[in-house]
Amino acid sequence: MFDWIVGKKLDQIGRLADPDRAFVVALGTRIKSELPHRFSPHWKVLAGSLTGISCLLVGTGSYAYASDNVLPGSPLYSIREGLEQAETTIAPTPAIRAAVTVRHMQRRIHEQEVMNVKKIPANERQMQRFADAMEVTIDETSRLDDTEKQGLDTETARLEEKFAKAVRVSKDQEPTTKAKERLETILDRQTTRLQERVKKLEEARREHFKTLLDRRSQAATGTSEDHSDSKEREQSRD
Amino acid sequence: MEQHHFPTFYKKNVKRIYRFLYYRVGGDKQMAQDLTQDVFLKAFQAFDRYDEKVSASAWIFTIARNHLLNQLAKKKPQVSLEEIENTTWDREDWASRAELSYDQKRMLDAMKQLPADDAALLRRKHLEGWSFEEIATEMGKTPGALRVRAHRAIKELKRILKKR
């Protein structure tokens, strides 16, 4: 018999005394369960990356939304527009939506003022969007009842003045006559639209008072004096 | 050492510790399992205090030996380490429980005729499954010297078997 055979036979005897596999696994599981909870390095890297990406996204979003340096034409400006669009969409009532639109218009005007100070020329498309935003703001505010307006109409009127001023300054800064003419066209278009809306509003108001007077005359079965008095009163108020 | 390294340490040593205890409790499987569990749970509690400079095998082996001594002392006071190392080894019951073949029984009988140190070396190496490096650390000798000695012990064992 070779020496190594004796060694192997002893190894075989040793293996007879091996523990049951089930016992080894069960004890191993129990030990693992008593280990303090610890994340694997892979999870740590993943969690770190996700946190980093989230911070980056939130940081960029906040910067794009709030910074004065993000102006029309800037790469981050579309993020601001997206966030504002979302803000308008989730507004639950017309009054809140109008308030949000007014706040956005304040920002648009502020942006235009900053651009004017920095002497950054606004292109035609930007100016058109600026004018559209003003119009949307007026629409949103005019749709509200008197009780819902709560100063929004006054603020809109103030914004309209500021808007006109900002556009005028922007126009004056334009170096070429052609560009000035383009801006002038936009301003004219805007003025025409505003005049049309004012006309419509006046007509609507006149209709409203007419209806009111008709109702009163029907209700006043009494003297024609009363009727004429009230008519006079209504006219004077009108 | 940090506790999250313990499962690896456990995998590496569980068989050896079990075998060591199994032989010394006369092949009582249930008792060997209970003792193995106690030893590893004790080691787990103390693992953060374990010094890496000390051999891991020697460390767990010391825990196992002391625990066994404490357990046996409950049944038989005044038991010594030496007694555990030798007398329990001489007990025949584990061999009968393990259902050894005729050849295997002959081989174990022949081992008893070897000098005590040689028999202990073969037992550690082949029956319990320690490496020469680990035995050398425990015994304070070089692995090379132990290899030579184990080789001679096997030759002697072969000679004893032939003579029978």
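Residues numbered from 1 in each chain as written. Chains lettered and ligands numbered in written order. Predicted model: local features only at pLDDT ≥ 70, side-chain atom pairs only at ≥ 80, totals over all residues. Heavy atoms only, no water.

**A look at the overall build of chain B**
- When its secondary structure is counted, chain B shows nine helices and zero strands.
- Each helix and strand of chain B, placed in order from N terminus to C terminus, yields the pattern α-α-α-α-α-α-α-α-α.
- Expressed as a percentage of the 164 residues in chain B, the buried residues total 49%.
- A fraction of 63% describes how many contacts in chain B between residues 6 or more apart in sequence connect residues 24 or more apart.
- With an accessible surface of roughly 8,400 Å², chain B has 50% of that area assigned to carbon and sulfur atoms. (Helix = DSSP H or I, 4+ residues; strand = E, 2+ residues; numbered from the N terminus. Buried < 20%, exposed > 50% of the residue type's maximum accessible area, 1.4 Å probe, protein only. Contact = heavy atoms within 4.5 Å. Areas by Shrake-Rupley, 256 points an atom, 1.4 Å probe, with all protein chains shown as cover.)

**Digging into a nonpolar patch on the surface**
- A surface patch of nonpolar side chains, amounting to about 340 Å² of accessible area, comprises W43, L46 and L50 of chain A.
- Mapping L50 of chain A onto the fold places it in helix 3 (residues 41-66). (Patch = residues over 30% accessible without salt bridge, like charges linked within 9 Å, V, L, I, M, F, W, Y side chains within 5 Å. Salt bridge = Lys/Arg side-chain N within 4 Å of Asp/Glu carboxyl O.)

**Some details on the packing of helix 3 of chain A against helix 4 (residues 77-89) of chain A**
Residue and element names in this part refer to chain A.
- Relative orientation of the contacting elements helix 3 and helix 4 amounts to 85°, with a least axis distance of 8 Å. As judged from the angle between their axes, helix 3 and helix 4 are roughly perpendicular. For the pair formed by helix 3 and helix 4, the contact residues are T60, G61, A64, Y65 and A66 on the first element and I79, R80, L83, E84 and E87 on the second.
- Per-class residue counts for the contact of helix 3 with helix 4 are five nonpolar, two polar and three charged. (Axes fitted to C-alpha atoms, helices over the stretch in contact; angles between N-to-C directions. Parallel < 35°, antiparallel > 145°, perpendicular 65-115°, else oblique. Nonpolar A, V, L, I, M, F, W, Y, C, P; charged D, E, K, R; others polar.)

**Concerning the environment of A98 of chain A**
All names here are of chain A.
- Inspection of the secondary structure puts A98 in helix 5 (residues 94-117).
- Residue classification places A98 among the buried positions, given a relative accessible area of 0%.
- Separated by 43 residues in sequence, A98 and T141 have C-alpha atoms that sit 5.6 Å apart.
- Excluding residues that lie within four positions of it along the chain, A98 makes contacts with E140, T141, L144 and L152.

**Considering the packing of helix 2 (residues 21-33) of chain A against helix 2 (residues 29-46) of chain B**
- One way to put it is that helix 2 of chain A packs onto helix 2 of chain B with a least axis distance of 11 Å and a crossing angle of 25°. Classified by the interaxial angle, the pair formed by helix 2 of chain A and helix 2 of chain B is roughly parallel. For the pair helix 2 of chain A and helix 2 of chain B, the crossing hand works out as right-handed. Where helix 2 of chain A abuts helix 2 of chain B, its residues F23, L27, R30 and I31 of chain A lie against Q33, T36, Q37, F40, L41 and F44 of chain B.
- Here the residues of the contact of helix 2 of chain A with helix 2 of chain B are counted per class, giving six nonpolar, three polar and one charged. (Left-handed = near helix turned anticlockwise from the far one by under 90°.)

**Remarks on the nonpolar core**
- Among the nonpolar cores identified, the biggest contains 57 residues, and F6, F40, L122 and L157 of chain B are the most heavily contacted of them.
- Here the element with the most residues in this core is helix 1 (residues 6-24) of chain B; it accounts for ten residues.
- Grouped together as the second largest cluster of nonpolar side chains are 22 residues, L71, A166, V167 and I186 of chain A included. (Core = buried A, V, L, I, M, F, W, Y, C linked by side-chain atoms within 4.5 Å.)

**So, the interface of chain B and chain A**
- Across the contact, 36 residues belong to chain B and 28 residues belong to chain A.
- Buried area between chain B and chain A, both sides added, is near 3,000 Å², and the carbon and sulfur share of it is 69%.
- Of all residues in chain B, Y10, M107 and H126 of chain B bury the most surface against chain A, accounting for 18% of the area lost on that side.
- Across the chain B-chain A interface, the total number found is three salt bridges.
- The interface formed by chain B and chain A holds eight residue pairs in polar contact (both at pLDDT 80 or more) in total.
- Elements supplying a minimum of two residues to the side of chain B that touches chain A: helix 1, helix 2, helix 6 (102-112), helix 7 (116-128) and helix 9 (143-163) of chain B.
- If one sorts the elements of the side of chain B that touches chain A by residue count, helix 1 of chain B sits on top with nine residues.
- Its residues placed into classes, the side of chain B that touches chain A shows 21 nonpolar, nine polar and six charged. (Buried area = accessible area lost by both parts, 1.4 Å probe. Polar contact = N/O pair within 3.5 Å; in protein donor to acceptor, adjacent residues only side chain to side chain.)

**Some remarks on the packing of aromatic side chains**
Residue and element names in this part refer to chain B.
- Scanning all chains against the criterion turns up 17 aromatic pairs over all chains.
- With 6.4 Å between their ring centres and 70° between their planes, F6 and F40 make a pair best called edge-to-face. Of this pair, F6 sits in helix 1 while F40 sits in helix 2; the two residues are 34 residues apart in sequence, bridging distant segments of the chain. Just as F6 is buried, F40 falls in that class too.
- With a centroid separation of 5.3 Å and 45° between ring planes, the pair formed by F9 and F47 is classed as tilted. Separated by 38 residues along the polypeptide, F9 in helix 1 and F47 in the loop between helix 2 and helix 3 (56-75) bring together distant segments of the chain. Per residue, the accessibility class of F9 equals that of F47, and both read buried.
- The ring centre of F132 lies 4.9 Å from the NZ or CZ of K125, which sits over that ring. (Phe/Tyr/Trp six-rings, centres within 6.5 Å; stacked < 30°, edge-to-face > 60°. Lys NZ or Arg CZ within 6 Å of the ring centre and 35° of its normal.)

**Some words on the confidence of the model for chain B**
Residue and element names in this part refer to chain B.
- The predicted model of chain B has a mean per-residue pLDDT of 82, with 85% of residues at 70 or higher.
- Least confident of the elements in chain B is helix 4 (residues 81-90), whose mean pLDDT is 54; most confident is helix 2, at 92.
- Across the interfaces of the predicted complex, the ipTM metric reaches 0.82, alongside a pTM of 0.49. (pLDDT = per-residue confidence, 0-100.)

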